[in-house]
Amino acid sequence: MVNTSSNQPVNFTQDTQLVAELIALLEREQSHLVKADVAAIEAILEEKSLLLQRLNLAAKARYQLLQGNGFQSNESGMTAWVEKQAKKEIKAAWVNFQKSLAQAKELNRLNGVLISKHFNRNQELLNHLQGNNDANAVYGPDGQAKPKGPSRSGLIV
């Protein structure tokens, strides 16, 4: 049976604090990615994994409180709960929390782009060291597409 009058209030204070920590961590990761500091990046991976686990546990706890208060145990339930509250501070805090989540997602996306660039550069270096030539490359050194197969230049009479 669902308890509709939970003794614990629904809040997202812990989630907000954890997302702020995640943003700081992602910014540090980005700085190390720009510097290509592999040792520092590896150290951050473990820290990030633990922080994401804590975020997941905090969200689950919040969802359980929502369900205990008669709301769906998901983000739409949280939004419904926030809308039902009479306090503008709660709504403002929820909006700020959502903005922080969006910022963390964007930082994570950008870090993924940097990782991809490092990977591609390393792959090119490996290919060069292994003696793989550019014969199969799609683009030439000038960035223009290379023609595939024999090309016909000149006029046909």
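Reference entry: report on the structure contained in this document. (Residues numbered from 1 in each chain as written. Predicted model: local features only at pLDDT ≥ 70, side-chain atom pairs only at ≥ 80, totals over all residues. Heavy atoms only, no water.)

What follows concerns the pattern of salt bridges. In the structure shown here, the tally under the stated rule is six salt bridges. Residue arginine 62 is joined to aspartate 15 by a salt bridge in which the shortest nitrogen-to-oxygen separation is 3.1 Å. Of this pair, arginine 62 sits in helix 2 (residues 38-68) while aspartate 15 sits in helix 1 (residues 13-35); the two residues are 47 residues apart in sequence, bridging distant segments of the chain. Judged by relative accessible area, which is 3%, aspartate 15 ranks as buried. With a shortest N-O distance of 3.0 Å, lysine 48 and glutamate 29 are connected by a salt bridge. Placement of the pair is lysine 48 in helix 2 and glutamate 29 in helix 1, with a sequence separation of 19 residues. For the pair lysine 48 and glutamate 29, one class covers both residues: buried. Look at the salt bridges and you will find they share partners, linking Asp15, Arg62 and Glu75 into a network. (Salt bridge = Lys/Arg side-chain N within 4 Å of Asp/Glu carboxyl O. Helix = DSSP H or I, 4+ residues; strand = E, 2+ residues; numbered from the N terminus. Buried < 20%, exposed > 50% of the residue type's maximum accessible area, 1.4 Å probe, protein only.)

Here we take up the packing of aromatic side chains. Summed over the entire model, instances satisfying the criterion amount to three aromatic pairs. Their ring planes at 35° and their centres at 5.7 Å tell us that phenylalanine 12 and phenylalanine 97 sit as a pair that is tilted. Taken together, the residues span a long stretch of sequence, with phenylalanine 12 in the segment before helix 1 and phenylalanine 97 in helix 4 (residues 88-129) at a distance of 85 residues. As far as the burial class goes, phenylalanine 12 and phenylalanine 97 line up, both buried. Aromatic rings pair up to connect Phe12, Trp94 and Phe97 into one cluster. (Phe/Tyr/Trp six-rings, centres within 6.5 Å; stacked < 30°, edge-to-face > 60°.)

Below, the discussion takes up unusual backbone geometry. Here alanine 36, not a glycine, exhibits a phi torsion of approximately 60°, which is positive. Relative to the assigned elements, alanine 36 resides in the loop between helix 1 and helix 2. Residue classification places alanine 36 among the partly exposed residues on the basis of a relative accessible area of 38%.

None of the figures reported here should be taken as evidence of function without further support.
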